[in-house]
Amino acid sequence: GRIRNVEIRFHFSMLFSIPIAYFLFRPTSVREIVAALLWLTGFVLCIFLHEVGHAFTAQLVGVEVKSIVIWILGGFTNLSRKAEKPSHNLVISAAGPLVNMLLGFLCVLGYIILSYLFSPFYRSAELFLWGQTFRNLFFSLALVNLVLVVFNLLPIYPLDGGNITHSVMEIFFGKSNAD
């Protein structure tokens, strides 16, 4: 399976991400500039893959995906309609946070692997510093994914948690009682 015929757009607000990353990291060396750019790329990629999770799952259950929009505060997957079955809406809503759980796990794994590869006893100080930079990058992206999961699972509409709560209510109590 692949995502078919989905328009992917980056909102103009994404232009503000570069000065924000500069303000957050205040890089003073090539290594710090690389770290800031990689963190920014990783952050946007985590949001994008979250939305791809929604889009892919929607297409799996037969709901057309019009577009994915990434903007400075997150992303949005624009569906042609809601799925008829509340269980389908549930899996569509849960797919994004599940992607972030997987990404968070992979980032923790990367952090652990780099912790062993670039131990403090490594011979080259410069290589050790680069290793620490990538280790810290994986750690911070693991935290980003944790925050994305927790935030998105808040039971507030239009967040995923609000949609999940509505779907669960509809499954157990029927559509008229869920609305």
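These remarks concern the structure in this document. Just so you know, these numbers come straight off a predicted model, no measurement behind them.

Points about the overall build of the chain
- Regarding its fold elements, the chain presents 6 helices and 3 strands.
- Listing the helices and strands of the chain from first to last along the sequence gives β-α-α-β-β-α-α-α-α.
- Relative to its full complement of 179 residues, the chain shows a buried share of 37%.
- For the chain, contacts bridging at least 24 residues in sequence account for 64% of all contacts bridging at least 6.
- Within the structure as shown, the chain displays about 11100 Å² of accessible surface, and the carbon and sulfur contribution to it stands at 71%.

Considering helix α3 (residues 86-117)
- For α3, spanning 32 residues, the distance from its first C-alpha to its last is 47 Å, which sits close to the expected 46 Å at 1.5 Å a residue.
- The axis of α3 is deflected most strongly, by about 35°, at A95, and proline P97 appears within four residues downstream.

A few points about the pattern of salt bridges
- Counting across every chain of the model gives 2 salt bridges.
- Two residues, R9 and E7, come together in a salt bridge whose shortest N-O distance is 3.4 Å.
- Since its relative accessible area comes to 38%, R9 is described here as partly exposed.

Topic: a nonpolar patch on the surface
- A surface patch of nonpolar side chains, about 790 Å² in accessible area, is lined by F12, L15, F16, I20, F23, L24 and F25.
- With respect to the helices and strands, the residue L24 is situated in helix α1 (residues 17-25).

A word on the layout of surface pockets
- Put simply, the largest pocket is a space of about 930 Å³.
- Contributing to the lining of the largest pocket are 29 residues, with F76, P158, L159, D160 and N163 lying nearest its centre.
- Of all the secondary-structure elements, those providing two or more residues to the lining of the largest pocket are α2 (30-60), β3 (74-79), α3, α4 (125-152) and α5 (160-173).
- At 6 residues, the largest contribution of residues to the lining of the largest pocket is made by β3.
- Classifying every residue of the lining of the largest pocket gives 13 nonpolar, 12 polar and 4 charged.

Observations concerning the pairing of β3
- Summarising the sheet, strand β2 (residues 65-71) and β3 pair through 6 bridges and their orientation is antiparallel. Among the inter-strand pairings, I70 is bridged to a residue of β3, identified as G75.
- In this antiparallel pair of consecutive strands, β2 and β3, the connection spans 2 residues.

Considering unusual backbone geometry
- Cis geometry marks the peptide bond from Y157 to P158; its omega dihedral reads 10°.
- Mapped onto the fold, P158 is located in the loop between α4 and α5.
- Of note, R26 is a non-glycine position whose phi angle comes to about 45°, a positive value.

With respect to the packing of α1 against α2
- Between α1 and α2, the shortest axis-to-axis distance is 10 Å and the interhelical angle comes to 130°. In terms of axis orientation, α1 runs oblique to α2. The hand of the α1/α2 crossing is right-handed. Facing α1, whose interface residues are S17, I18, A21, L24 and F25, α2 presents A36, W39 and L40.
- Split into classes, the residues belonging to the contact of α1 with α2 amount to 7 nonpolar, 1 polar and no charged.

Side note on the packing of α2 against α4
- Look at α2 against α4: their axes get within 10 Å of each other, and the N-to-C directions meet at 30°. Our classification of the angle between α2 and α4 gives roughly parallel. Crossing handedness for the pair α2 and α4: right-handed. For the pair α2 and α4, contact is made by R31, V34, A35, L38, W39, G42, F43, C46, I47 and H50 and by L129, W130, T133, F134, L137, S140, L141, V144, N145, L148 and N152, respectively.

Analysis parameters
Residues numbered from 1 in each chain as written. Predicted model: local features only at pLDDT ≥ 70, side-chain atom pairs only at ≥ 80, totals over all residues. Heavy atoms only, no water. Helix = DSSP H or I, 4+ residues; strand = E, 2+ residues; numbered from the N terminus. Buried < 20%, exposed > 50% of the residue type's maximum accessible area, 1.4 Å probe, protein only. Contact = heavy atoms within 4.5 Å. Areas by Shrake-Rupley, 256 points an atom, 1.4 Å probe, with all protein chains shown as cover. Expected span 1.5 Å × (residues − 1). Bend = angle between axes of the 7 residues up to and from the residue. Salt bridge = Lys/Arg side-chain N within 4 Å of Asp/Glu carboxyl O. Patch = residues over 30% accessible without salt bridge, like charges linked within 9 Å, V, L, I, M, F, W, Y side chains within 5 Å. 1 Å grid on protein atoms, 1.4 Å probe; cavity = no way out; pocket = protein on both sides within 12 Å on 5 of 7 lines; lining within 4 Å. Points joined across faces, edges and corners; volume = space filled by probe spheres on them. Nonpolar A, V, L, I, M, F, W, Y, C, P; charged D, E, K, R; others polar. Pairing = 2+ DSSP bridges. Axes fitted to C-alpha atoms, helices over the stretch in contact; angles between N-to-C directions. Parallel < 35°, antiparallel > 145°, perpendicular 65-115°, else oblique. Left-handed = near helix turned anticlockwise from the far one by under 90°.

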